[in-house]
Each structure stands twice: as structure tokens, then as C-alpha cells.
Amino acid sequence: MPAFSNELVGDSLTGLAPQSGMAQDVVNRTAVLAEPLRGVNIGGWLVAEAWMYPSRWIAMGGEYVHNQCSNHTMAEWELNVKLNDQEKTNLIFHDHWDSWFGQPEVDRLVALHITSVRIPLGFWLVDALVNRTSEHYAQGGMDMLISRLEMLKKAGIAVLLDHHAVPGVAAENQMFAGRCTDDVEFYTPANYRRAITWSTVLTFLTHAHPSFSTVFAIEAVNEPIQDASLTPGLGDYSASFVLALRIVEASFGIVCDPTVFSSPYLSTPYLQEGLDAAIPIIVQYSMSLYLAFGYVAPEATPTSYLETICNTSRLDAAALVGNTPLLFGEWSLGTEWNISTDQFLRDFGDAQKRTFSRGAGWFFWSMKLEPDADSLGDWRGWSYFDAVAAGLFTADPKALFNESVCDQYM
């Protein structure tokens, strides 16, 4: 059956949708989970991240200064405000969307045996949720998403839709939030309601719109603040997200267990829009894990990185408290130092793929970026296409260069 994911270290809640009779030619959504996921993020597309392509961003009208997100035009909101012209904003972003991810990229994913992708999305994808007098984002993303979902469907690639940039901003001064600000307002009843509405719209489309028929998951929130004292109501939001998805599915006649109808969460304030049924869910957990940010490995050395990944207890710790299976939704070959040998990067990639495949699998960040990216470590270590081309990854995502890569570190 479908699954639900609650990020352990700053990522997501993901409800996986069962098949519906309305969407035709669907990927078998249950079969998607029959073996570990091995996919990529379509990063920097419908949620722009200027660090991935500074020159492109500047050409669009933005600015880029290292580590100065809050003071410059480095996110979608700020660029829209600077342009001060909705039509011009829409055209600029349409050109970006159209050129960043299209049929050539889908064909390359197929050639590299990638069978699933995670697509980061902003809440402004559902235009009716945007307060146009006070919120500033490009329009037209839904049409672009639908066109690319058609391409992915024809290629047989399964899709996880990630609510990457939620209403009100979930993280401080982050380009991936859609706005660089320290005014974090997601953790409020009003914005929880908007996020739930977004999820129900995407769930409905997943079951009703043919282009969405390869969508197997919808993620509720990306990298929320990890201090519970700063996220009031997030637990209720998480539960309401799951129930809202299942309520929409109940309207399609998809009912797994009627006993959930008595759930106390049916009385939460985020589910008062005439919804009267819900369906239980199997739990799946998702984690972003980047060693490059310096909080994972004890030392910033190749040996410490490999020892850390090869001996991580995260999967076992999650299993002990029932937080399993565990999906690694974001990871890279990024490092805390600038220059690495290709041999280390191959070993680092093998070790992560080996470890993450012991759980529900992985989505690498990202499909691609540009050589001028302001990345940590070797820029190729954040671009799946370039990493494969450089021989840092095997051409087959299931394969490793060295199956015994961890032996000397365990």
C-alpha cells in the first residue's frame, strides 16, 4: 500500500498514492517500492536555486553573491519584486523552466537507467493559493509541470512531487524556500491550511489527470526547522497531511481501512472543508544527508567521510523506533574541502549508494547544475549527469565500482 514519510533530519513527510482507475497508463505505484529507489532530484527547475547556476540567474535579472542570500536578489520572490512586472517575470521563468528540464534531459535519464525522480515544487504552483498583493512568484508552473510529466510518463519514470517551498517559508534565508528572509511564517494555522490545500489539489490531480499517472508520492514539507519549540503545530499538520491525502483518495473509492474514520485528527482545524473520511497509511521516513555541511562526519577528511558513511547507525536507529523504511531524499558528493581525487569521489559515491540502498533508496541532488555553481567541493559532485560523464558514478545506478568499498572502514 501507499506510504507516508516523516523526515528525521530536516526533510519531509511523503504520502505515496495508490493506483486510481481514472489516470491511465500508470506506473505500478506499489511496484515502485518493490526495490530501493535510485533516482535524482530535478533541482533548480520549478523552484529556482541561484547557487546552482549563478550566470544563468544573473542573466535572468538576479544577483549572486556567495552566502549573501538575504541581502541580494537571489530567490524567486526577490527577482519578481525587482522586475516589478508580472508578465515579464512569467516570461523569464518560463524560458528558464523550458530550457532547464525537457526532452533531452528525460532521454538522458533513460539512458542512465534512472527510473524515478523527485521534483521540488513551490506552493505557488497552485496559483489560487498565492496572495498576489503580498506574495511575488512567477505564474504558469503547473502547465510546465504537466508537459514534463507527460515526457516522464512516456519514458516510464516514476515521480515524487516534493512540496519544497511551502507557504510562509519553512527555513530562514534559504534559496530553496522561494524567498530569502528571516521572517519564517510557515508554522501557523493559516499557512498549514494552505499547504494542506496544495496537497489535496496535487492528490486529486494524481488520481484524475492522465499526465500525473506516474506520480507515486507527494511530499508535505522540505527541511523544516529542527527545533520543535519553533514549529508549533507541525505534528498536527503532518497528521492532517496524511489524512487529507487519504480523504481525497476516499472520494475515488480508494479505502483501505474504515477504522481510521474515528481518528481524532479529523477534528483538527486543517481539515474542516467538508471532508468526512480518511484512510490509514503505512509509514515511510525520508532524510536529507549532506556531509559537506560539516555536522555529520567528526573530521573534514576523506577517511572520516568514508568511516562515517560506512558505519552510520541512522538506518538501525530509525528501525529501533519503527521509523522504517528510510529513504534518503537528498545527498551529494559535496565535501568541506575544494579539491578531491576522482578515486575518493568514486569511493564516496559507492559508499553512499551502498548504505542508502539498505533502506528505501535514494534521490541524488541534483540531476544537473552548471560548472560555475557555488557548490561545496567539486561541482561535479552535485550533478548526476556530470558525475557519470566524469566516471565518478557507474553508468548503472544499481552498480558500484567496488562492492567492498566499506570493508576497510568497518
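Residues numbered from 1 in each chain as written. Predicted model: local features only at pLDDT ≥ 70, side-chain atom pairs only at ≥ 80, totals over all residues. Heavy atoms only, no water.

Draft legend 1. How the structure looks around a negative patch on the surface. Taken together, the side chains of Glu172, Asp182, Asp183 and Glu185 make up a negatively charged region of the molecular surface. Mapping Glu172 onto the fold places it in the loop between strand E5 (158-165) and helix H6 (189-208). (Patch = residues over 30% accessible without salt bridge, like charges linked within 9 Å, V, L, I, M, F, W, Y side chains within 5 Å. Areas by Shrake-Rupley, 256 points an atom, 1.4 Å probe, with all protein chains shown as cover. Salt bridge = Lys/Arg side-chain N within 4 Å of Asp/Glu carboxyl O. Lys, Arg positive; Asp, Glu negative; His and termini not counted. Charge placed at Lys NZ, Arg CZ, Asp CG, Glu CD. Helix = DSSP H or I, 4+ residues; strand = E, 2+ residues; numbered from the N terminus.)

Draft legend 2. Up close: the packing of aromatic side chains. With the rule as written, the count across this model stands at 29 aromatic pairs. Both rings, one in Trp45 and one in Phe101, keep their centres 5.0 Å apart while their planes meet at 75°; by these two values the pair is edge-to-face. Residue Trp45 is located in the loop between strand E3 (37-41) and helix H1 (54-59), and its partner Phe101 is located in the loop between helix H3 (86-100) and helix H4 (103-111); the two are separated by 56 residues in the primary sequence. You can call Phe101 buried: its relative accessible area is 0%. (Phe/Tyr/Trp six-rings, centres within 6.5 Å; stacked < 30°, edge-to-face > 60°. Buried < 20%, exposed > 50% of the residue type's maximum accessible area, 1.4 Å probe, protein only.)

Draft legend 3. Broad picture of helix H7 (residues 234-251). End to end, H7 covers 26 Å across 18 residues, agreeing with the expected 26 Å (1.5 Å per residue, within 8%). In terms of residue burial, H7 counts as a mostly covered element, since 15 of its 18 residues are buried. One or two residues past the end of H7 sits Gly253, with phi positive at roughly 85°. (Expected span 1.5 Å × (residues − 1).)

Draft legend 4. Up close: unusual backbone geometry. Here the amide bond leading from Trp365 into Ser366 is cis, since omega sits at 5°, within 30 degrees of zero. Assignment of secondary structure puts Ser366 in the loop between strand E10 (361-364) and helix H11 (384-389). In this structure, Asn84 is a non-glycine residue whose phi angle is positive, near 55°. By relative accessible area, Asn84 is classed as exposed at 68%. With phi around 50°, Asn173 is a residue other than glycine that occupies positive phi space. Here Asn173 shows up in the loop between E5 and H6. The class for Asn173 is partly exposed, based on a relative accessible area of 26%.

Draft legend 5. Focus on the state of the cysteines. Following the criterion strictly, the structure yields 2 disulfides and no others. The partner cysteine of Cys310 in its disulfide is Cys406, sulfur to sulfur 2.0 Å. In this structure, the disulfide formed by Cys310 and Cys406 twists by about -75° around the S-S bond and is classed as left-handed. Of the two residues, Cys310 sits in helix H8 (residues 302-310) while Cys406 sits in the segment after H11, which places them 96 residues apart along the sequence. You can call Cys406 buried: its relative accessible area is 0%. By sequence order of its bonded cysteines, the protein chain has the disulfide arrangement 1-2, 3-4. (Disulfide = S-S within 2.5 Å.)

Draft legend 6. Spotlight on the pattern of salt bridges. Within this structure, the stated rule accounts for 15 salt bridges. The shortest N-O distance in the salt bridge between Arg358 and Asp316 comes to 3.5 Å. You can see Arg358 sitting in the loop between helix H10 (342-356) and E10 and its partner Asp316 sitting in helix H9 (residues 314-320), a full 42 residues away along the chain. Overall, the relative accessible area of 45% leaves Asp316 in the partly exposed class. Where Arg380 meets Asp342, a salt bridge forms, and the shortest distance between an N and an O atom there is 2.9 Å. Here Asp342 lies in helix H10 and Arg380 lies in the loop between E10 and H11, a separation of 38 residues in the sequence. Note on Arg380: relative accessible area 19%, which makes it buried. Each member of the salt-bridge network shares a partner with another, and the members are Arg118, Asp162, Glu219 and Glu330.

By themselves these figures say nothing about function.
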